[in-house]
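Summary of structural features
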Amino acid sequence: METKISKIGVFTSGGDAPGMNAAIRAVVRASIYYKKEVFGIMQGYDGMIAGEIVKLGARSVGNIIQRGGTILKSARSQEFRTKEGRKKAFDNIKRSGIDALVAIGGDGTFAGLNVFFEEFGIPSVCIPGTIDNDLAGTDYTIGFDTATNTAVEAIDKIRDTAISHNRLFFIEVMGRNSGYIAINSGIAGGAVATIIPEDTMTLEELFSKLDEGEQSKRKSNLIVVAEGSKIGGAFDLAKKFSERNNYFDIKVTILGHLQRGGTPTYFDRVLASKMGVAAVEGLIQGKNKAMIGIRNNQIVFNDFETIMGSKHLIDDESLRIAKILSI
Ligand code: F6P
């Protein structure tokens, strides 16, 4: 079924992720390809509330496919959580004539869009853009591949200095509720242990692993810790371990927002391009309240209701491999 959509609004929301610009470009160019007008809403839901809406053309999105960040800027809007805020946003959307929305962001973004649809009925599709890769309904989110590659590159560099000084490093990577970056950069970076929010490793298990390493003459150690670790962040773990350790010189590195920036990998650019085109085609075909995903290399549309409140779980195989290889 073809719909009568004529003006599409696109915005980015929540934490920025490398590849968001490639997704914006794809939404804009696909809209124009299908003879639709397209508008950029600046600064996520905050810009929707403030009426910061600009018309975009094919050339507005030239030269951005390789750039990190988001040309539309982003925000974690508090005002959009209120009914009054959403009403202001709706008034601006109506005034600009926008009759369909594409949001690029994480779970907070599409939860907001879901409420907005329930209240005002604007057809909406969401593209998963977050470095965390924690969204149900997709094997990959835009930005995860780049962020993980950034983490691995940093881990490799830290390894050089760890080896040279026989040191133990606790390296903290992003992931408040998700261990995706940690487990994958841990495997790829050859970590001795990876601490993720989803795992049940205790402090004692971690420390006895380090003791065993010392006994088997391991000279340097890299421990990757996800930000959301349940047994403490990198600084906490380093402090606790230093209270009982007398054989390792211990250092801590927090990678932080370094992982959010930078040139997107080819993988994120292609993923973002596919999802951006799918978003526009989906809206034209009548898709609504849906988050796009990629499953087994095929684009899918997930109804918001089927994925809200669910999480993309870490696969047991990754956990198993990490354990086997870290002896
Ligand atoms: O959701 C992406 C993410 O980078 C998380 O990994 C991290 O916990 C959070 O955003 C940090 O958010 P902010 O940049 O708002 O501090």
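Our subject in this report is the structure included herewith.

The rules behind the values
Within every chain, residues take consecutive numbers counted from 1 along the sequence as written. The model is predicted, so local features are restricted to residues of pLDDT at least 70 and side-chain atom pairs to those at 80 or more, both for listing and for counting; the totals for chains, interfaces and linings are taken over all residues. Just so you know, side-chain values use all the structure's heavy atoms and leave hydrogens and water out. Strands were regarded as paired on the criterion that DSSP finds at least two bridges between them. A run of H or I in DSSP counts as a helix once it spans at least four residues, and a run of E counts as a strand once it spans at least two, with each numbered from the N terminus. Structural elements are reduced to axes, namely lines fitted to C-alpha atoms, with helices fitted over the stretch in contact, and the angle between N-to-C directions of any two is expressed from 0 to 180 degrees. Contact between two residues is taken to exist if any of their heavy atoms lie within 4.5 Å; hydrogens are not considered. What qualifies as a polar contact is a pair of N or O atoms within 3.5 Å, subject to a donor-acceptor requirement within protein and to the restriction that residues adjacent in sequence count only when both atoms come from side chains. The near set for a molecule or strand comprises every residue that places at least one heavy atom within 4 Å of it. Per-residue accessibility takes into account occlusion by the displayed protein chains alone, with areas from the Shrake-Rupley method and a 1.4 Å probe. Charged residues are taken to be Asp, Glu, Lys and Arg, nonpolar residues to be Ala, Val, Leu, Ile, Met, Phe, Trp, Tyr, Cys and Pro, and polar residues to be all remaining types, Gly included. Every case where a carboxyl oxygen of Asp or Glu lies within 4 Å of a side-chain nitrogen of Lys or Arg is listed as a salt bridge. To sort residues, take the accessible area from a 1.4 Å probe on protein chains only and compare it with the maximum for the residue type: under 20% means buried, over 50% means exposed, and anything in between is partly exposed.

**Some remarks on the sheet that holds strand E8 (residues 221-226)**
Spatially, E7-E8-E6-E9 is the arrangement adopted by the four strands of the open sheet, whose pairing is parallel. A single partner strand is all that each edge strand has here, and the edge strands are strand E7 (193-195) and strand E9 (249-254). On average, adjacent strands in this sheet sit at an angle of 20 degrees to one another, irrespective of strand direction. Packed onto the sheet, helix H5 (residues 144-165) meets strand E6 (167-173), E8 and E9 and runs at close to 165 degrees relative to E6.

**A short note on the side chain of Arg260**
Mapping Arg260 onto the fold places it in the loop between E9 and helix H9 (266-284). Polar contacts involving the side chain of Arg260 include one to the side chain of Asp16, which spans 2.7 Å. Among all residues touching Arg260, those that are not within four sequence positions of it are Gly15, Asp16, Ala17, Pro18, Arg76, Ile131 and Met174.

**Considering the site of the ligand**
Lining the immediate environment of the ligand, one finds Arg76, Thr130, Ile131, Asp132, Met174, Gly175, Arg176, Glu227, His257 and Arg260. The separation between an oxygen atom of the ligand and a polar side-chain atom of Asp132 is 2.7 Å. At a separation of 2.9 Å, an oxygen atom of the ligand approaches a polar side-chain atom of Glu227. Considering the ligand on its own, with 400 Å² of exposed area, one finds that the protein chains cover 79% of that surface. When grouped by side-chain class, the residues that make up the shell around the ligand number two nonpolar, three polar and five charged.

**Details of the pattern of salt bridges**
What the rule picks out here adds up to 15 salt bridges. A salt bridge links Asp139 to Arg295; the shortest N-O distance between them is 3.2 Å. Of this pair, Asp139 sits in the loop between strand E5 (124-128) and H5 while Arg295 sits in strand E10 (residues 290-295), and the two are 156 residues apart along the sequence. Under the relative-accessibility criterion, Asp139 is labelled partly exposed at 22%. In this structure, Glu198 and Lys311 form a salt bridge, with 3.4 Å as the shortest nitrogen-oxygen distance. On the criterion of sequence distance, the pair formed by Glu198 in the loop between E7 and helix H7 (203-215) and Lys311 in the loop between helix H10 (304-307) and helix H11 (316-325) is long-range, its members being 113 residues apart. Judged by relative accessible area, Glu198 falls into the partly exposed class, the value being 30%. Of the residues examined, Lys311 reaches a relative accessible area of 33% and is grouped as partly exposed. Through salt bridges with shared partners, one network takes in Lys7, Glu37 and Lys55.

Taken by themselves, the reported measurements are silent on function.
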